[in-house]
Amino acid sequence: MRPSAIALVAVLLAGGCSAPKRDKITVACGASERWCAMMVKRFSDATGVEADFVRLSSGEALERIKAARARQEFDVWHGGPADSYVAAKSQGLLEPYKSDMAGEIRQGWADREHTWSGIYAGVLAFCNNTKKLAERGLRPIRSWQELLDERLRGGVAIAHPATSGTAYTALWTHMELNGRDPDAALGYMRRLHPNVLRYNSSGSAAAVQAAKEEAAVGVVFSHDCVAAQEQGYPHLQVTFPQEGTGYELGGLAVLAGAHNPGGARRYVDWALSGASQRLGPLVQFYALPTNTKVPAHSKAADPAVTKLVPYDVAVAGGAKPTLVGRFGAEIARPPL
């Protein structure tokens, strides 16, 4: 055997004949399937780091990340309301990382200790199916009080706050509208309960249910309803509650125990960049960008003309376990 062949055999034996490990990350992704798929592909194209994702609602993502604490299956958490990231931070599930892109993110839209950053913002809205509402003798819903109309029995699509960040944003909106009184906020949700078609595990599902005429109105982030409109559902109309509405700050974080922390940090750098935050409209994702160098799309909700309730991410995140627990015990159990 030639010396070069002998050397090759020695290398293979020393390495257990295994192929070299690839530079790869796995993302727990909390936005739409199309957005998640585009983001990991564009990241890989830009950096050469292989990436895949698992689409999870925020509640599901938090539970999966918590369950895998000892041997984490994900490297990055991307998307889903930041109050869940606050909860994850309190449990030691996030790895602090200050990206070089941090200075381009809107002030107040990131964790001061750099455990997570805001990546987009979405405003809570009503996704009205005007055809189904007309059949019930109703016009597009424009207030939280109108959503309680008995003509909407079984006609409201909404998710469960234990599994959906969208639904928790709705619950927290009523906390703010009621002076942060949990009894009053849960009281509203209890009155709404008879009108709920069923509690979904994912918030964006409500837009699909309204589009397909399973529900007359869905409680969703406005960009989810706009995306459904663009998929060929002409009877959908977006409106905002006149009393005031909440909004989500979508989060982004490196996970503690990531098997590829270097790749995870590269992903965060890329996702916070202006180049990344301009991509959403390519897959009908019209949330507000957090990078100050990226203008909002014309189809995004306009905070200047929409009445928003205050949103303290840390306070909302800290209250989440108790509020969600009470919702499950007093109003409806989480979906299986």
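Described in the following lines is the structure provided in the data block. (Residues numbered from 1 in each chain as written. Predicted model: local features only at pLDDT ≥ 70, side-chain atom pairs only at ≥ 80, totals over all residues. Heavy atoms only, no water.)

### A few points about helix α9 (residues 222-230)
Thinking step 1. Of all nine residues making up α9, seven are buried, and the element is well covered by its neighbours.
Thinking step 2. By the burial criterion, the buried members of α9 are S222, H223, D224, C225, V226, A227 and A228.
Thinking step 3. Where α9 is buried, its residues contact β5 (117-129), α8 (205-211), β8 (217-221), β9 (236-239) and β10 (247-255).
Thinking step 4. A positive backbone phi angle near 100° is found at G232, which sits one or two residues after α9. (Buried < 20%, exposed > 50% of the residue type's maximum accessible area, 1.4 Å probe, protein only. Helix = DSSP H or I, 4+ residues; strand = E, 2+ residues; numbered from the N terminus. Contact = heavy atoms within 4.5 Å.)

### Examining helix α7 (residues 182-192)
Thinking step 1. Those residues of α7 that sit buried are A185, L186, G187, Y188, M189 and L192.
Thinking step 2. Residues of α7 that are buried in the fold lie against β6 (156-159), α6 (165-177), β7 (196-200) and α12 (313-330).
Thinking step 3. Among the residues of α7, the N-terminal cap falls to D181, whose side-chain oxygen and the backbone nitrogen of D183 are separated by 3.0 Å. (Polar contact = N/O pair within 3.5 Å; in protein donor to acceptor, adjacent residues only side chain to side chain.)

### Some details on the state of the cysteines
Thinking step 1. For the structure shown, the criterion picks out two disulfides.
Thinking step 2. Between the sulfur atoms of C29 and its disulfide mate C36 the distance is 2.1 Å. Across the S-S bond of C29 and C36 the torsion is about -90°, and the bridge reads as left-handed. The pair formed by C29 and C36 is uniform in burial state, with each residue classed as buried.
Thinking step 3. Disulfide partner of C127: C225, at an S-S distance of 2.1 Å. (Disulfide = S-S within 2.5 Å.)

### Details of unusual backbone geometry
Negative phi values dominate among residues other than glycine, just as trans dominates among peptide bonds.
Thinking step 1. Despite not being glycine, R180 has its phi angle at roughly 60°, a positive value.
Thinking step 2. With a relative accessible area of 38%, R180 lands in the partly exposed category.
Thinking step 3. Phi is positive for E213, close to 65°, though the residue is something other than glycine.
Thinking step 4. The topology assignment puts E213 in the loop between α8 and β8.
Thinking step 5. Owing to a relative accessible area of 29%, E213 belongs among the partly exposed residues under this scheme.

### Focus: the environment of C36
Thinking step 1. Mapped onto the fold, C36 is located in helix α2 (residues 33-47).
Thinking step 2. Measuring from C-alpha to C-alpha, the distance between C36 and V54 comes to 8.5 Å, with 18 residues separating the pair along the chain.
Thinking step 3. Not counting residues up to four positions away in its chain, the partners in contact with C36 are C29, G30, A31 and F53.

### Overview of the pattern of salt bridges
Thinking step 1. Using the criterion set out here, one finds 17 salt bridges in the structure.
Thinking step 2. Between K89 and E113 there is a salt bridge; the shortest N-O distance is 2.7 Å. On the criterion of sequence distance, the pair formed by K89 in helix α4 (residues 82-90) and E113 in the loop between β4 (94-95) and β5 is long-range, its members being 24 residues apart.
Thinking step 3. Among the salt bridges present, the one from R198 reaches E214, with a minimum N-O distance of 3.7 Å. Within this pair, whereas R198 is found in strand β7, its partner E214 is found in the loop between α8 and β8, the two being separated by 16 residues in sequence.
Thinking step 4. Counted as one network, the salt bridges with shared partners bring together D183, R190, R326 and E330. (Salt bridge = Lys/Arg side-chain N within 4 Å of Asp/Glu carboxyl O.)

### Focus: the packing of aromatic side chains
Thinking step 1. Summed over all chains, the structure comprises 12 aromatic pairs.
Thinking step 2. Taken together, a centroid distance of 4.0 Å and an interplanar angle of 15° make the contact between W77 and Y85 stacked. Here the two residues W77 and Y85 agree in accessibility, since each one is buried.
Thinking step 3. A ring pair is formed by F126 and W144, whose centres lie 5.1 Å apart and whose planes are at 80°; its orientation type is edge-to-face. With F126 in strand β5 and W144 in the loop between α5 (130-135) and β6, the pair connects residues that are 18 residues apart, well separated along the chain.
Thinking step 4. The exposure class assigned to W144 is buried, which follows from its relative accessible area of 4%.
Thinking step 5. Through pairs of rings, three or more aromatic residues link up here, namely W35, Y120 and F285. (Phe/Tyr/Trp six-rings, centres within 6.5 Å; stacked < 30°, edge-to-face > 60°.)

### Here we look at the packing of α4 against α12
Thinking step 1. Following both chains from N to C, one finds α4 and α12 inclined at 65°, their axes separated by 8 Å at the closest point. For the element pair α4 / α12, the angle class is roughly perpendicular. In the crossing of α4 with α12, the sense of the turn from one axis to the other is right-handed. Side by side, α4 and α12 meet where A82, D83, S84 and V86 of the first sit next to V313, A314, A316, G317, G318 and K320 of the second. (Axes fitted to C-alpha atoms, helices over the stretch in contact; angles between N-to-C directions. Parallel < 35°, antiparallel > 145°, perpendicular 65-115°, else oblique. Left-handed = near helix turned anticlockwise from the far one by under 90°.)

### As for the packing of α2 against helix α10 (residues 261-272)
Thinking step 1. At a minimum axis distance of 11 Å, the contact between α2 and α10 shows a crossing angle of 105°. As far as their axial angle goes, α10 and α2 are roughly perpendicular. Each of M39, V40, R42, F43, A46 and T47 in α2 lies in contact with α10, whose residues at this interface are G263, R266, Y267 and W270.

### Notes on the pairing of β10
Thinking step 1. Of all the nine residues making up β10, nine are buried; the element is thus mostly covered by neighbouring parts of the structure.
Thinking step 2. Here strand β3 (residues 76-81) runs beside β10; their pairing, made up of four bridges, is antiparallel. Residue H78 lies in a different strand from β10, and its bridge partner there is L252.
Thinking step 3. Sheet topology note: the β4/β10 ladder contains two bridges and is antiparallel. Bridge pairing links L94 to L255 in β10. (Pairing = 2+ DSSP bridges.)

These figures capture arrangement, not role.
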